[in-house]
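Here is what each chain is made of, one letter per residue.
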Amino acid sequence: MADENQTGTVDEAHARPNRMDDTTVEALGELSKALETIHRVRGHLYSAHQLVGGADLTLDRVVKLLREAGHDEVADRVEHELLGRNLLPGRWTFQIVEEFDDGYYAAFQEIERDTREKLAGGRRHIFEAEMKERRRTHGMPGHEATP
(Lines give C-alpha, C1' and ligand atoms only; values in the text may rest on other atoms or scores of the structure.)
Protein backbone atom coordinates (compact mmCIF):
# COMPACT_ATOMS: atom_id res chain seq x y z
CA MET A 1 0.00 0.00 0.00
CA ALA A 2 2.97 2.34 0.48
CA ASP A 3 3.24 3.27 -3.21
CA GLU A 4 -0.53 3.33 -3.79
CA ASN A 5 -0.91 6.70 -2.04
CA GLN A 6 1.89 8.40 -3.98
CA THR A 7 -0.46 9.15 -6.88
CA GLY A 8 -0.34 12.92 -6.44
CA THR A 9 -3.76 13.15 -4.81
CA VAL A 10 -2.33 13.52 -1.28
CA ASP A 11 -0.23 16.66 -0.92
CA GLU A 12 3.49 16.22 -0.26
CA ALA A 13 3.28 17.47 3.34
CA HIS A 14 0.95 14.57 4.17
CA ALA A 15 2.22 11.89 1.81
CA ARG A 16 3.47 8.64 3.24
CA PRO A 17 7.26 8.41 3.04
CA ASN A 18 8.53 5.63 0.79
CA ARG A 19 8.54 2.18 2.38
CA MET A 20 6.48 3.23 5.41
CA ASP A 21 4.25 0.33 6.36
CA ASP A 22 0.55 0.46 7.22
CA THR A 23 1.12 -0.38 10.88
CA THR A 24 3.48 2.58 11.32
CA VAL A 25 0.99 4.91 9.63
CA GLU A 26 -1.75 3.60 11.92
CA ALA A 27 0.46 3.96 15.01
CA LEU A 28 1.28 7.58 14.09
CA GLY A 29 -2.42 8.22 13.51
CA GLU A 30 -3.28 6.84 16.94
CA LEU A 31 -0.50 8.88 18.57
CA SER A 32 -1.86 12.00 16.87
CA LYS A 33 -5.38 11.12 18.06
CA ALA A 34 -4.10 10.68 21.62
CA LEU A 35 -2.34 14.06 21.48
CA GLU A 36 -5.53 15.70 20.23
CA THR A 37 -7.31 14.21 23.25
CA ILE A 38 -4.65 15.69 25.54
CA HIS A 39 -5.16 19.09 23.86
CA ARG A 40 -8.83 18.77 24.80
CA VAL A 41 -7.88 17.80 28.37
CA ARG A 42 -5.78 20.95 28.56
CA GLY A 43 -8.76 23.01 27.43
CA HIS A 44 -10.94 21.38 30.07
CA LEU A 45 -8.33 22.15 32.72
CA TYR A 46 -8.35 25.80 31.67
CA SER A 47 -12.15 25.76 31.78
CA ALA A 48 -12.04 24.31 35.29
CA HIS A 49 -9.45 26.96 36.24
CA GLN A 50 -11.75 29.75 35.07
CA LEU A 51 -14.90 28.21 36.54
CA VAL A 52 -13.37 27.59 39.97
CA GLY A 53 -11.88 31.09 39.97
CA GLY A 54 -15.22 32.61 39.05
CA ALA A 55 -17.01 30.61 41.73
CA ASP A 56 -14.45 31.72 44.32
CA LEU A 57 -14.95 35.37 43.36
CA THR A 58 -18.73 34.89 43.62
CA LEU A 59 -18.24 33.83 47.25
CA ASP A 60 -17.37 37.46 48.06
CA ARG A 61 -20.95 38.40 47.21
CA VAL A 62 -22.30 35.37 49.06
CA VAL A 63 -20.46 36.43 52.24
CA LYS A 64 -21.69 40.02 51.87
CA LEU A 65 -25.31 38.94 51.37
CA LEU A 66 -25.21 36.48 54.27
CA ARG A 67 -23.88 39.22 56.55
CA GLU A 68 -26.56 41.66 55.36
CA ALA A 69 -29.17 39.03 56.15
CA GLY A 70 -27.75 38.59 59.65
CA HIS A 71 -26.18 35.15 59.12
CA ASP A 72 -22.70 36.00 60.39
CA GLU A 73 -21.87 32.47 61.56
CA VAL A 74 -22.62 31.00 58.11
CA ALA A 75 -20.83 33.91 56.40
CA ASP A 76 -17.79 33.30 58.59
CA ARG A 77 -17.72 29.63 57.63
CA VAL A 78 -17.93 30.40 53.88
CA GLU A 79 -15.30 33.12 54.24
CA HIS A 80 -12.83 31.15 56.35
CA GLU A 81 -13.28 27.58 55.12
CA LEU A 82 -14.16 27.98 51.46
CA LEU A 83 -13.11 31.40 50.12
CA GLY A 84 -9.59 31.12 48.68
CA ARG A 85 -9.32 27.41 49.52
CA ASN A 86 -6.83 25.24 47.65
CA LEU A 87 -8.45 22.91 45.11
CA LEU A 88 -5.76 20.30 45.78
CA PRO A 89 -3.30 20.32 48.69
CA GLY A 90 -1.19 23.48 48.32
CA ARG A 91 -2.55 24.28 44.88
CA TRP A 92 -4.94 26.69 43.30
CA THR A 93 -6.05 25.86 39.78
CA PHE A 94 -3.42 28.08 38.15
CA GLN A 95 -0.74 25.92 39.77
CA ILE A 96 -2.40 22.72 38.54
CA VAL A 97 -2.59 24.10 35.00
CA GLU A 98 1.06 25.19 35.11
CA GLU A 99 2.22 21.79 36.36
CA PHE A 100 0.20 20.03 33.68
CA ASP A 101 1.53 22.34 30.94
CA ASP A 102 5.16 22.06 32.02
CA GLY A 103 5.05 18.32 32.77
CA TYR A 104 2.72 15.86 31.11
CA TYR A 105 1.53 18.15 28.30
CA ALA A 106 5.03 19.27 27.30
CA ALA A 107 6.36 15.69 27.42
CA PHE A 108 3.46 14.36 25.34
CA GLN A 109 3.96 17.03 22.67
CA GLU A 110 7.73 16.48 22.56
CA ILE A 111 7.40 12.69 22.27
CA GLU A 112 4.76 12.95 19.54
CA ARG A 113 6.89 15.44 17.58
CA ASP A 114 10.06 13.35 18.03
CA THR A 115 8.23 10.19 16.93
CA ARG A 116 6.96 11.91 13.77
CA GLU A 117 10.46 13.20 13.02
CA LYS A 118 12.03 9.77 13.41
CA LEU A 119 9.38 7.73 11.62
CA ALA A 120 7.79 10.11 9.11
CA GLY A 121 10.25 12.92 8.48
CA GLY A 122 8.07 15.21 10.61
CA ARG A 123 4.98 14.77 8.45
CA ARG A 124 1.68 15.13 10.26
CA HIS A 125 -1.70 13.50 9.69
CA ILE A 126 -0.56 10.89 7.15
CA PHE A 127 -3.26 8.49 8.35
CA GLU A 128 -5.96 11.15 8.00
CA ALA A 129 -4.74 12.27 4.56
CA GLU A 130 -4.94 8.71 3.31
CA MET A 131 -8.39 8.31 4.87
CA LYS A 132 -9.51 11.47 3.08
CA GLU A 133 -8.26 10.06 -0.21
CA ARG A 134 -10.15 6.80 0.35
CA ARG A 135 -13.40 8.50 1.39
CA ARG A 136 -13.69 11.43 -1.00
CA THR A 137 -15.64 11.23 -4.26
CA HIS A 138 -13.26 12.04 -7.09
CA GLY A 139 -14.54 14.78 -9.40
CA MET A 140 -17.26 16.02 -7.03
CA PRO A 141 -17.24 19.65 -5.84
CA GLY A 142 -16.25 19.83 -2.21
CA HIS A 143 -14.25 16.60 -2.50
CA GLU A 144 -11.01 18.06 -3.88
CA ALA A 145 -7.79 16.30 -2.83
CA THR A 146 -5.96 19.50 -1.85
CA PRO A 147 -6.79 23.17 -1.42
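Residues numbered from 1 in each chain as written. Predicted model: local features only at pLDDT ≥ 70, side-chain atom pairs only at ≥ 80, totals over all residues. Heavy atoms only, no water.

**Student:** Looking at this structure, I do not really get the packing of helix H1 (residues 22-68) against helix H4 (residues 126-135). What am I missing?
**Tutor:** The geometry of a pair of packed helices is captured by two quantities: the angle between their axes and the separation between those axes. Running from N to C, H1 and H4 cross one another at 110°; their axes reach a closest spacing of 7 Å. The orientation of H1 relative to H4 falls into the category roughly perpendicular. On H4, the residues that touch Val25, Glu26, Gly29, Ser32 and Glu36 of H1 are Ile126, Phe127, Glu128 and Glu130. (Axes fitted to C-alpha atoms, helices over the stretch in contact; angles between N-to-C directions. Helix = DSSP H or I, 4+ residues; strand = E, 2+ residues; numbered from the N terminus. Parallel < 35°, antiparallel > 145°, perpendicular 65-115°, else oblique. Contact = heavy atoms within 4.5 Å.)

**Student:** Sorry, what's going on with the environment of Leu51 here?
**Tutor:** Secondary-structure assignment places Leu51 in helix H1. In this structure the C-alpha to C-alpha distance between Leu51 and Thr93, which are 42 residues apart in sequence, comes to 9.7 Å.

**Student:** Just checking my understanding: could you explain the packing of H1 against helix H3 (residues 93-120) for this structure?
**Tutor:** Between H1 and H3, the least distance of the axes is 10 Å, while the angle of their chain directions is 165°. Taken together, the axes of H1 and H3 are roughly antiparallel relative to one another. Our pair here, H1 against H3, has a crossing hand that is left-handed. Its residues assigned to classes, the contact of H1 with H3 comprises 18 nonpolar, six polar and four charged. (Left-handed = near helix turned anticlockwise from the far one by under 90°. Nonpolar A, V, L, I, M, F, W, Y, C, P; charged D, E, K, R; others polar.)

**Student:** Even after reading the chapter, I still don't get the packing of aromatic side chains, so can you show me in this structure?
**Tutor:** Note on aromatic pairs: each is described by the distance of the centres and the angle between the planes. A full pass over the atoms with the stated rule returns four aromatic pairs. The rings of Phe100, Tyr104, Tyr105 and Phe108 are connected pair by pair, giving a single aromatic cluster. (Phe/Tyr/Trp six-rings, centres within 6.5 Å; stacked < 30°, edge-to-face > 60°.)

**Student:** Got a minute to help me understand a nonpolar patch on the surface in this structure?
**Tutor:** A cluster of nonpolar side chains, contributed by Val52, Leu87 and Leu88, occupies part of the molecular surface with about 240 Å² of accessible area. Looking at where Leu87 falls in the secondary structure, it is placed in the loop between helix H2 (72-82) and H3. Look at Leu87 and you get partly exposed, because its relative accessible area is 48%. (Patch = residues over 30% accessible without salt bridge, like charges linked within 9 Å, V, L, I, M, F, W, Y side chains within 5 Å. Areas by Shrake-Rupley, 256 points an atom, 1.4 Å probe, with all protein chains shown as cover. Salt bridge = Lys/Arg side-chain N within 4 Å of Asp/Glu carboxyl O. Buried < 20%, exposed > 50% of the residue type's maximum accessible area, 1.4 Å probe, protein only.)

By themselves, these observations are geometric and do not establish any function.
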